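The primary structure of each chain is shown beneath.
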Amino acid sequence: MAPQSKRVLILGVTGVIGQVLTCAILNAQDVFDRVGVLTSAATAASKSELLNSFRARGADVIIGDINDEAFMFNTFQGFDTIVSALGRSAIELQIDLIRIANASPSITRFIPSEYGTDIAFDATSASEKPHRAKLKVRAFLESDAVQHLAYTYLVTGPFADLYAGDMSSEPQLGSFNVARKEATLLGDGKGPLGLTTMADVGRFLVAILKNPKVCDGKAIKVNSFTSTPEEILAEMERQTDTKWNVQYTPLDALRRNEKDAWNQGNPLASLYTLRRIWTEGKTQCENTDNESIGICKTDTLEMVVQSILSNPISGFQSGKL
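- Per an unreviewed UniProt entry, the protein chain goes by NmrA-like domain-containing protein and derives from Pestalotiopsis fici.

Digging into the overall build of the protein chain
1) Next: Helix and strand counts for the protein chain stand at 13 helices and 12 strands.
2) Next: The C-alpha radius of gyration of the protein chain comes to 20 Å, within 12% of the 20 Å expected for a compact globule of 321 residues.
3) Next: Oriented by its inertia axes, the alpha-carbon framework of the protein chain measures out at about 60 × 40 × 40 Å.
4) Next: Counting over 321 residues, the protein chain shows a buried share of 53%.
5) Next: Relative to all contacts within the protein chain whose residues are 6 or more apart in sequence, the contacts with residues 24 or more apart total 81%.
6) Next: A distance of 1 Å separates the average location of the 32 positive side-chain charges in the protein chain from that of its 37 negative side-chain charges.

Looking at the sheet that holds strand S8 (residues 182–186)
Strand pairing in a sheet is mediated by backbone hydrogen bonds. Such pairs are either parallel or antiparallel.
1) Next: Spatially, the 3 strands line up as an open sheet ordered S7-S8-S12, and their pairing is mixed. Of all strands in the sheet, those with a lone pairing partner are strand S7 (175–177) and strand S12 (245–249), marking the two edges. Each strand axis lies, on average, 20 degrees off the axis of its neighbour in the sheet, ignoring direction.
2) Next: Both S8 and S12 contribute to a ladder of 5 bridges, which runs parallel. Looking across to S12, one finds that Leu-185 is bridged to Tyr-248.
3) Next: Across the face of the sheet, helix H10 (residues 229–240) comes into contact with S7, S8 and S12 while running at roughly 165 degrees to S8.

Digging into the UniProt feature "domain: NmrA-like" (unreviewed entry) in the protein chain
1) Next: Following the UniProt record, one finds the feature "domain: NmrA-like" (unreviewed entry) at residues 5–256.
2) Next: Helix makes up 38% of residues 5–256 and strand makes up 20%, while its end C-alpha atoms are separated by 45 Å.

Description of the sheet that holds strand S6 (residues 150–155)
1) Next: As summarised here, the arrangement of the 7 strands in space is S3-S2-S1-S4-S5-S6-S10, forming an open sheet in which the pairing is parallel. Sheet topology places strand S3 (60–63) and strand S10 (218–221) at the edges, where each strand pairs with a single neighbour. Each neighbouring strand pair of the sheet contributes to a mean axis angle of 20 degrees, computed without reference to strand direction.
2) Next: Sitting on the sheet, helix H8 (residues 198–210) touches strand S1 (7–11), strand S4 (81–84), strand S5 (109–111), S6 and S10, and the angle it makes with S6 is about 155 degrees.

A word on the packing of aromatic side chains
1) Next: Throughout the structure, instances matching the rule amount to 2 aromatic pairs.
2) Next: Lys-129 extends its terminal NZ or CZ atom over the ring of Trp-262, reaching a point 4.5 Å from the ring centre.
3) Next: Here the guanidinium or amino end of Arg-138 rests over the ring plane of Tyr-153, the centre of that ring lying 4.1 Å away.

Details of the nonpolar core
1) Next: One finds Ile-25, Phe-32, Val-83, Tyr-115 and Ile-293 to be the most contacted residues of the largest nonpolar core, which totals 39 residues.
2) Next: At 8 residues, H8 tops the list of elements feeding residues into this core.
3) Next: Contact partners of Phe-32, with chain neighbours within four places excluded, come to Ser-5, Lys-6, Val-8, Ile-25, Val-206 and Leu-209.
4) Next: If you look at the next biggest cluster of nonpolar residues, it comprises 30 residues, including Phe-225, Met-236, Trp-244 and Val-304.

Thoughts on the side chain of Thr-152
1) Next: Structurally, the position occupied by Thr-152 is in strand S6.
2) Next: Of note is the side chain of Thr-152, whose polar atom sits 2.9 Å from the backbone oxygen of Cys-215.
3) Next: Once you skip the residues sitting within four places of it in the chain, Thr-152 turns out to touch Phe-110, Ile-111, Pro-112, Ile-208, Cys-215, Asp-216, Lys-218 and Ile-220.

Thresholds applied
- Residues numbered from 1 in each chain as written.
- Predicted model: local features only at pLDDT ≥ 70, side-chain atom pairs only at ≥ 80, totals over all residues.
- Heavy atoms only, no water.
- Helix = DSSP H or I, 4+ residues; strand = E, 2+ residues; numbered from the N terminus.
- Rg over C-alpha atoms; globule rule 2.2 N^0.38 Å.
- Buried < 20%, exposed > 50% of the residue type's maximum accessible area, 1.4 Å probe, protein only.
- Contact = heavy atoms within 4.5 Å.
- Lys, Arg positive; Asp, Glu negative; His and termini not counted.
- Charge placed at Lys NZ, Arg CZ, Asp CG, Glu CD.
- Pairing = 2+ DSSP bridges.
- Axes fitted to C-alpha atoms, helices over the stretch in contact; angles between N-to-C directions.
- UniProt positions renumbered as here; feature names shortened; annotations may be inferred.
- Phe/Tyr/Trp six-rings, centres within 6.5 Å; stacked < 30°, edge-to-face > 60°.
- Lys NZ or Arg CZ within 6 Å of the ring centre and 35° of its normal.
- Core = buried A, V, L, I, M, F, W, Y, C linked by side-chain atoms within 4.5 Å.
- Polar contact = N/O pair within 3.5 Å; in protein donor to acceptor, adjacent residues only side chain to side chain.

The structure is reproduced here in structure tokens:
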């Protein structure tokens, strides 16, 4: 077992989930001795306000090219743990980063970018297009080429905040439009979903870094709560005190739409696949690891809906993760 993480470098800090994870780690000032955030020069220029906010909270902001092997090797020397929040288009870049980390004398742990759908749910998972890059990363981490790194896969299922968001530009993907009081529910609306809020993902990550004995070398499966599309709608209607207009995208129609999206090169094709997977029931696990990593209290559906009603968000962000 590798020692507990104390000096953490975060990659992908300005992405949707990267910002959340960075804030969660910075909130745990008593746990970590050093927190670094790595970003490119272009991002540093375009998102200076965000990076300055991290700096003000104690983060070391490091600017450089993630594809520069010598730079990355030298940067790694000041840390013992790499937390990756790289987005879907950069997932396979992690293989080179893992190789560099494995060669580093200081790095003992690498947390790859998972934070979502269980990519090893069953025998069909390996054939799903959105899973393939993450599965390659897992295979490399678990191979003989990596001798010195501990790892944990944080499997959260769909983000509750985004699943219950507005997809009204492409509602057949499932949508909750607060302004219009319109919803499109996936499947028959009754299928249970294991959902995790983004804030809870951050809390779960910190718990993993604090509990290497429990978490190293395995997938840790967590969620905030289980709900159905109809239950989400009912909570929306309760809190808005309004009956919404409701349509459905049956599972067969969702599968047809998914196929068309891939054939047409739709940039949301991966999201169609993920939402079909979720609608098939593949977010459910018999038991979660919440309590084993010390998390007994999580966000609720009521809290998610309250947040969305006060600040409606677009579910299209799901496609970036």
